[in-house]
Amino acid sequence: MSGVRLAELLGGLSLFADVADGFPREKVLRTTILSVEIGRREGLSSAVLRDVFYTSLLRYAGCVGFSHEEAHDYG
């Protein structure tokens, strides 16, 4: 039996973050896909693309990940 991959765990966490933050479903996943695709088109290395992937998945997991959106709503 194989273990859960980190990407799968963070992908699940991102779905909960969408719900908890009131975002449309799969916003974080779409952001991740777009970020990696832009990186590929720009010719980033595999190591940098891996960093882009994980950073995008974790962006909204912290309390300040969407502060710019809150500032717009409450500013």
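Computed from a prediction, not measured in an experiment: that's the story for all the values here.

Chemist: Help me get a handle on the overall build of the protein chain, residues and values and all.
Modeler: Along the backbone of the protein chain there are four helices and zero strands. The order of α-helices and β-strands along the protein chain, N terminus first, is α-α-α-α. The buried share of the protein chain, taken over its 75 residues, is 25%. Partitioning the intrachain contacts of the protein chain with sequence separation of at least 6 by distance along the chain shows that 51% fall at a separation of at least 24. Only carbon and sulfur atoms are counted for the fraction: they give 61% of the accessible area of the protein chain, which is about 5600 Å².

Chemist: So what's going on with unusual backbone geometry? Residues and values would help.
Modeler: Note: most peptide bonds trans; most residues except glycine with negative phi. The backbone of E26 shows a phi angle near 65 degrees, a positive value even though the residue is not glycine. Inspection of the secondary structure assignment puts E26 in the loop between α1 (6-21) and α2 (27-41). On the basis of relative accessible area, E26 is assigned to the partly exposed category, the value being 43%.

Chemist: Before we move on, can you summarise the pattern of salt bridges with the specific residues and values?
Modeler: Here the structure, examined in full by the defined rule, presents two salt bridges. A salt bridge links E37 to R40, with the nearest nitrogen and oxygen atoms 3.9 Å apart. In this pair, E37 and R40 both sit in helix α2, three residues apart, roughly one turn of the helix. Residue class for E37 comes out partly exposed when judged on its relative accessible area of 29%. Overall, R40 belongs to the exposed group, its relative accessible area being 54%.

Chemist: Explain the side chain of S56 to me, and be specific about the residues and the numbers.
Modeler: Here S56 shows up in helix α3 (residues 46-58). One polar contact links S56 to S35, side chain to side chain, over a distance of 3.3 Å. Once residues lying within four places of it in the same chain are set aside, the contact partners of S56 are V28, T31, T32 and S35.

Chemist: I'd like a description of α1, backed by residues and values.
Modeler: For the α-helix, the turn length of 3.6 residues means that residues three or four positions removed from each other point alike. Its 16 residues place the ends of α1 22 Å apart at the C-alpha level, agreeing with the 22 Å of an ideal helix rising 1.5 Å per residue. When we look at burial in α1, the residues that qualify are A7, L10, G11, S14, A17 and D18. Looking straight down α1, one finds that the buried residues subtend no more than 115 degrees of arc, so they occupy a single side. Exposed positions of α1 whose direction lies more than 90 degrees from the buried face are L9, F16, V19 and A20. Buried-residue contacts for α1 involve α2 and α3. Note on α1: the residue one or two positions beyond its end, G22, has a positive phi of about 75 degrees.

Reading the values: the criteria
Residues numbered from 1 in each chain as written. Predicted model: local features only at pLDDT ≥ 70, side-chain atom pairs only at ≥ 80, totals over all residues. Heavy atoms only, no water. Helix = DSSP H or I, 4+ residues; strand = E, 2+ residues; numbered from the N terminus. Buried < 20%, exposed > 50% of the residue type's maximum accessible area, 1.4 Å probe, protein only. Contact = heavy atoms within 4.5 Å. Areas by Shrake-Rupley, 256 points an atom, 1.4 Å probe, with all protein chains shown as cover. Salt bridge = Lys/Arg side-chain N within 4 Å of Asp/Glu carboxyl O. Polar contact = N/O pair within 3.5 Å; in protein donor to acceptor, adjacent residues only side chain to side chain. Expected span 1.5 Å × (residues − 1). Arc of directions from axis to C-beta.

Just distances and angles here, no functional claims.
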